[in-house]
Amino acid sequence: MPTFSTSTTTSSASNSTCSDTLQEQVQHLHSILNYHSHRYYVLDDPEIPDSEYDKLFCQLEVIEAEHPELLSLDSPTQRVGGKVLDSFQQITHQMPMLSLSNAFSSDEIKDFAQRIDERLEHEHFDIVAEPKLDGLAISLRYEYGLLIQAATRGDGTTGEDVINNVRTIQSIPLRLTGATYPRILEVRGEIFMPKKGFERLNQSQIAKGEKTFANPRNAAAGSLRQLDSKTAASRPLDMFCYGIGVVEDPHDDDPMQTTHHLILNQLNTWGLPICSEVKKLNQWQDCIEYYDSILLRRPDLPYEIDGVVYKVDSLAQQQKAGFISRAPRWAIAHKFPAEEAMTRLLNIDVQVGRTGALTPVGRLEPVFVGGVTVTNATLHNQSEIDRKGVRIGDMVIVRRAGDVIPEIVKPVLSARPEQTDAYTMPDHCPICHSLAERVNDEAKSRCTGGLFCPAQRKEAIKHFASRKAMDIDGLGDKLVEQMVDAEMIHDISDLFSLSIDSISAMERMGQKSADNLIQSIETCKSTTLPRFIYSLGIREVGEATALALANHYRYFPEIKKAKSEELQEVPDVGPVVAHNIESFFDQEHNNEVINQLLQAGIHWPEIIKKDELELPLLDKIIVLTGSLSVMNRNDAKARLIELGAKVSGSVSKKTQLVIAGDKAGSKLKKAEELGIEIMDEAEMLALFNHYES
Ligand code: 5U1
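Parameters and conventions
Residues numbered from 1 in each chain as written. Predicted model: local features only at pLDDT ≥ 70, side-chain atom pairs only at ≥ 80, totals over all residues. Heavy atoms only, no water. Phe/Tyr/Trp six-rings, centres within 6.5 Å; stacked < 30°, edge-to-face > 60°. Helix = DSSP H or I, 4+ residues; strand = E, 2+ residues; numbered from the N terminus. Buried < 20%, exposed > 50% of the residue type's maximum accessible area, 1.4 Å probe, protein only. 1 Å grid on protein atoms, 1.4 Å probe; cavity = no way out; pocket = protein on both sides within 12 Å on 5 of 7 lines; lining within 4 Å. Points joined across faces, edges and corners; volume = space filled by probe spheres on them. Nonpolar A, V, L, I, M, F, W, Y, C, P; charged D, E, K, R; others polar.

Asker: I would appreciate a short explanation of the packing of aromatic side chains in the present structure.
Answerer: Given two aromatic rings, one states the distance between the centres and the angle between the planes to describe the pair. As enumerated under the stated definition, the model contains 14 aromatic pairs in all. Measuring from centroid to centroid gives 5.3 Å for Phe 532 and Phe 556, while their planes differ by 75°, and the two rings are edge-to-face. Here Phe 532, found in helix H16 (residues 529–535), pairs with Phe 556, found in helix H18 (residues 556–561); they are 24 residues apart in sequence, far enough to count as distant. Relative accessible area serves as the criterion here: at 0%, Phe 532 is assigned to the buried category. Note on Phe 556: relative accessible area 4%, which makes it buried. Geometrically, the ring pair formed by Phe 556 and Trp 604 is edge-to-face, given 5.8 Å between the ring centres and 80° between the ring planes. Pair noted here: Phe 556 is in helix H18 and Trp 604 is in the loop between helix H21 (588–599) and strand E21 (621–625), with a separation of 48 residues, a long-range link. Using a relative accessible area of 22% as the deciding quantity, one classes Trp 604 as partly exposed.

Asker: Before we go on, may I ask you to explain empty space enclosed by the protein in this structure?
Answerer: By rolling a water-sized probe across the atoms, one finds the places where empty space is left. Tallying each qualifying case throughout the model produces two cavities of 30 Å³ or more. Here the largest cavity defines a volume of roughly 40 Å³. Around the largest cavity sit Lys 83, Leu 85, Phe 88, Asp 161, Val 162, Ile 163, Asn 164, Asn 165, Gln 226, Leu 227 and Ser 229, which together line it. In terms of residue count, helix H4 (residues 163–166) provides more of the lining of the largest cavity than any other element does, three residues in total. By residue class, the composition of the lining of the largest cavity is five nonpolar, four polar and two charged. Taken as a whole, the second largest cavity holds about 30 Å³ of empty space. Lining the second largest cavity are Phe 112, Arg 115, Ile 116, Arg 119, Ala 321 and Arg 329. By residue number, the principal contributor to the lining of the second largest cavity is helix H3 (residues 106–119), which donates four residues.

Below is the structure:
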C-alpha cells in the first residue's frame, strides 16, 4: 500500500523549490489517490475517510494549478470533467467490436455446445460463464499503460469518442498498474449504472424537476453521451471488462494468448474492473446450472443484467471455432425472458388500501413479460400518472424486474389512439364514496371513511390475519372479502365470535375447512406482544417498530397511554410515527376493538429485558458475509440478534466475530488481517443448535 501523510506533506507547491521533488510528490499523490480510489470504487472497501482523500486530492490540485507542466492526462484530478463538446468525434475501431448470437432456451445452449464439439473434433473444451450486463459496450485503448481513447461500439466498425466522460468513471484506471502490460492494449467491456446509483439519480432528477430515466441502461447511455463531461462526472457509472481487442507488443510474461479466464485475471491485476460472478465451467450442462443460479439471484445483484454469456475458454479453440459474420461461434448470450413488453392500457382502477390510501392500478391486455403473464401494473399516484403522461387506451411499455410488482414505464406516443384524455384520480373513495383528500403533501390521496369504508375494513382484517401478524392459517384474502361482504364480520374482533356453522354455510367451505379455521383462530390467541402490536395495523408501524415498542415498554397498557413526545424516545420512532401511534390509541373505536380482542383471550408472554437474560452473544459485534447455503441470511441475522448480538454491515477493529459463508470476499480478508475470530456457516449452525430455545 502506498503511504502518504496528509499532515506532513507541503500543502502548496510554493513551499517547494526543487521541481524534481515536486514531480516525485505529484507521482506519489497519483499513486496514493489511485490506490484509495480503487479500494473505494472497485473493492468497495475504503481504507481512509473521505475527508482524508479530499485533502490529498486538494494538495494535488494546488500543485497542478501552480505548475501546469506537471499536469498529466492520468492525473486523478482529470476525473472531475470540465470539457464541453459540440459533438463527439467518430472513431474507427482498429479491430471491429463483435456482437453475440442469442439463445433463449437450454436446448439452444445444447445446440451451441454441440456445434463447438463438432468444430473442435470432440476435443474437450472449458467454458467461461459471465453475467451479461445491461449497459453499453465500450472499447478502451491504453498506450504505454495510459488511457488515451474510449469509443462506444456504434455499428461495430465506427463508434464515438467518449474519452472525456469515461475519464470521470472512477473504477476505470487512467493508467494501468504494474509493468507487464502490452505497449498497446484495447479492452472491451460494458459501462453500466448500478441500481442504487440509478435510483439516487432519478430521485435527484425529480427534485430538480428534470426528466427521469426509464431504466439504468438508458441512464448509462444518456450519461455517457453527455457533451458536458461535468454532468457525466456527476453520474454514478461503472464498468466491467469482458475481453480484449488490439494487443501490440505484449510483455513476455503476460498470458494474452492463452485462455479467456487468464486474460480477465490479467486485466484485473492491471487495475481493470472484472465482474466477480465470472466462473470457469467444465461442461455445457454446468451452463444451465449457472444460468438458473444467476437468474435466481438477479434481483439481489447490484446491477441490471439481461442474461449470461458463455465463451469457449481456450483462445486456440476459439480460433478453431471461428466466426459467423460479426458474431463469434465460440460465444453465445443466454438471454433472460424479456422484462419489458408493449401492451394496451385498458383501464385504470383505484384500489383502497388498509390506511385508506388510493392507488391507481392499470388494467392491461395480458402480456408475457419477465417470464409471467401480466394483467395489472401499479401507477402509484396522480403525480406518477402525470409524469409518465399515460392515458387509458394508450399502448404502454410494461416492465417487470425480478419479483418486483410490474410497472408501466411510459406510453408509446406514436401509437396513441385519437380522443384520449388525461387521467384524473377521483376525489371520492370508489368504494364508500367518502371524500378523498391529499394531506401533508402526501403523494397519495386517502379515503376519509376510516373503518366505515368496507375496503379499509377488509384490508385491516387481511393484515391482522397475515403471516407476520396473527398468522391465522386458512383465512385468506378472498375469504375475508366474502365475510365482510356477507356482513359476517365488521372488524377484527368479530373473527373471535365466528362459529363453525356460520363458516361452513359459506360457499366452497366444508365442515373440515370450517373446523380448521376455527382451530387456527383459537391457536392465534397465544401470540407475542410485537406481533399483536403489528397486527393492529397502526399506520407506519411495521414489524421492526412493533418490536422496538414492545422491547421499550414491555407492557401493552404503557404503549397505549404513551404520548407522542415520549414515544419518540423509542429507537426508530420519529414524530410522524409517534403521532400515528398516539392518535390510534386515542380513538374510542380502536380501544373498544382492543378490549374485545383481549376479552376473547389474546395473550402473550411477558417480555424479559435483554439485560435480565443470560444471552450468550450479549452485545457482541458480529458481521455476516458471503452467501449462506443452509439458512436464510435474514433468519440467521434475526437469530443472532435474539442471542444478544449486534449485527453490523462492515468489518472494523470493533468487530468481534465474522461469520463467513460461501464466496466471502473483502470483508473476510479484512477480518483475517485484523485477526478477528471467524466462523463458517456450519459453526454458526452448531452455535444456534447449542442455544436452541
Ligand atoms: N459479459 C459479456 N458481455 N459481452 C458482450 N461478455 C461479452 N462478450 C461480448 C459481448 C458483445 O463479445 C465478445 C464475445 C466478443
